[in-house]
Amino acid sequence: MRIAFISDIHGNSLALEAVLADITQKQIDQIYVLGDLCYRGPNPKRSLALIRSLQTQVIKGNADEWVIRGVNQGEVPEQAIAMMRQEREWTAAQLDSADIAYLEDLPTELKLEIEGFNIHAFHATPDSLFEIVLPGAGDEVLKTKLMSGSEADVYIYAHIHRPYIRYLDGKTLINVGSVGLPFDGLPKAAYVIIDIQRGNLSTSIERISYPVEEVVKQYEEANYPNAEMMISIIRNGFVK
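Throughout, a residue's number is its position along its own chain's written sequence, starting from 1. In keeping with the model being predicted, local features are shown solely for residues with a pLDDT of at least 70 and side-chain atom pairs are shown and tallied solely at 80 or more, while totals for entire chains, interfaces and linings include all residues. Processing note: side-chain calculations cover all non-hydrogen atoms of the structure and skip hydrogens and water entirely.

All right, on to the pattern of salt bridges then. Definition used for salt bridges: Asp or Glu carboxyl oxygen within 4 Å of a side-chain nitrogen of Lys or Arg. A full pass over the atoms with the stated rule returns 20 salt bridges. Between arginine 52 and aspartate 99 there is a salt bridge, and its shortest N-O distance comes to 3.8 Å. Residue arginine 52 is located in helix α2 (residues 44-53), and its partner aspartate 99 is located in helix α5 (residues 97-104); the two are separated by 47 residues in the primary sequence. Residues joined in a network through salt bridges with shared partners are Lys45, Arg52, Asp96 and Asp99. Going along the chain from the N terminus, every DSSP run of H or I of four or more residues is numbered as a helix, and every run of E of two or more is numbered as a strand.

The next subject is α5. Residue burial is assigned from relative accessible area. The probe radius is 1.4 Å, only protein chains are included, and a residue is buried under 20% of its type maximum, exposed over 50%, and partly exposed in between. Three or more residues of α5 are buried, namely Asp99, Ile100, Tyr102 and Leu103. All buried residues of α5 fall inside an arc of 155° around its axis, so they share one side. For this analysis, residues touch if any pair of their heavy atoms sits within 4.5 Å. Taken together, the buried residues of α5 touch α2 and α3 (62-69). Polar contacts, as used here, are pairs of N or O atoms within 3.5 Å; protein pairs need one atom able to donate a hydrogen and one able to accept it. Residues neighboring in sequence count only if both atoms are side-chain atoms. Where α5 starts, the residue carrying a side-chain oxygen 3.1 Å from the main-chain nitrogen of alanine 98 turns out to be aspartate 96. When we speak of the arc, we mean the arc of directions from the helix axis to the C-beta atoms.

Attention now goes to the sheet that holds strand β8 (residues 189-197). We treat two strands as partners when DSSP finds at least two bridges between them. The sheet built from four strands is open, its strands ordered β2-β1-β8-β9 with mixed pairing. Whereas interior strands pair on both sides, the edge strands pair on one side only; in this sheet they are β2 (30-33) and β9 (200-208). Neighbour-to-neighbour, the strand axes of the sheet open up by a mean angle of 20°, direction not taken into account. Relative to β2, strand β1 (residues 2-6) runs parallel, the two sharing four bridges. Note on β2: the bridge partner recorded for isoleucine 6 is valine 33. Only the contacting stretch of a helix is used when fitting its axis, a line to C-alpha atoms as for every element, and angles between N-to-C directions run 0 to 180 degrees.

Quick look at the packing of aromatic side chains now. Between 30 and 60 degrees the pair is tilted, below 30 it is stacked and above 60 it is edge-to-face, where a pair is any two Phe, Tyr or Trp rings, Trp via its six-membered ring, whose centres lie within 6.5 Å. Counted under the stated rule, the structure contains seven aromatic pairs. Consider the rings of phenylalanine 122 and tyrosine 157, whose centres lie 6.3 Å apart with planes at 25°: the pair is stacked. Highlighted residues: phenylalanine 122 in strand β4 (residues 117-122) and tyrosine 157 in strand β5 (residues 154-157), separated in sequence by 35 residues. Between tyrosine 219 and tyrosine 224 the ring centres are 5.3 Å apart and the planes differ by 75°, which places this aromatic pair in the edge-to-face class. What makes tyrosine 219 buried here is its relative accessible area of 1%. What makes tyrosine 224 buried here is its relative accessible area of 4%. Every member of this aromatic cluster is reached through a ring pair, and the members are Tyr39, Trp66 and Phe130.

What follows deals with the packing of α3 against helix α4 (residues 81-93). Interhelical geometry of α3 versus α4 gives an angle of 75° and a closest axis separation of 9 Å. Taken together, α3 and α4 sit at an angle that is classed as roughly perpendicular. Seen from α3, the contacting residues are Trp66, Val67, Ile68 and Arg69; seen from α4, they are Met84, Arg88, Thr91 and Ala92. Note on angle classes: values under 35 degrees are labelled roughly parallel, values over 145 roughly antiparallel, values of 65 to 115 roughly perpendicular, and the remainder oblique.

Another aspect to go through is the sheet that holds strand β7 (residues 171-175). The mixed open sheet is built from five strands, whose spatial order is β3-β4-β5-β7-β6. Strand pairing shows two members of the sheet lacking a second neighbour, β3 (109-114) and β6 (164-168), which therefore form its edges. Neighbour to neighbour, the strand axes of the sheet diverge by 15° on average, direction disregarded. Looking at chain direction, β5 and β7 are connected through four bridges and run parallel. When the bridges of β7 are listed, tyrosine 155 appears paired with leucine 173. Docked against the sheet, helix α6 (residues 139-146) engages β4, β5, β6 and β7, running at close to 95° with respect to β6.

The values are spatial; any link to function lies outside them.
In structure tokens:
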């Protein structure tokens, strides 16, 4: 059984299309989606339509919650909130009521049992859509924040846009990175494959090229608020 976990598309439909093409080529049996589908990209409607066409299990991310109800005070740095609210309004205006209802109804975690392995998947932590747990966190922080919610063999999350794989106390901990908005300095889409065969489990982080300059053009042509900053992230793979 070969499983792909994707997340943090952020309205970048061209990156998502490239990832889905790669998943097809690699003969993946099942896809799961860990949230942040639309917000901050130039093509939220197309991105959401592609995700819905997969007819798979999808969970909610913090950016999906923002599209539903707006960005609240204290959830982002004070100097960024006005612009992020403009971006949210722009994104919501590209969607219809059925799209918003779909986002609102998404669950916040997945508990899967696949060929004898238990997998717990969530967006940021089991208890929060917003909490940030970075790759360099100590073992005790990772165990407390990410691995204490349920007993599993694999814990997998998203949110931080920095993919990694670690092993703690016989468990596998994975961050899937971001399809549409990587923050690790490599401007390529990221996703994770878990391969379970005959009682064995292997994991890999995939990095996929996509037409970055076409996405830049989409931001410009859409008159996206905060386009300059978002284009810089898309081109460089990090926030300057």
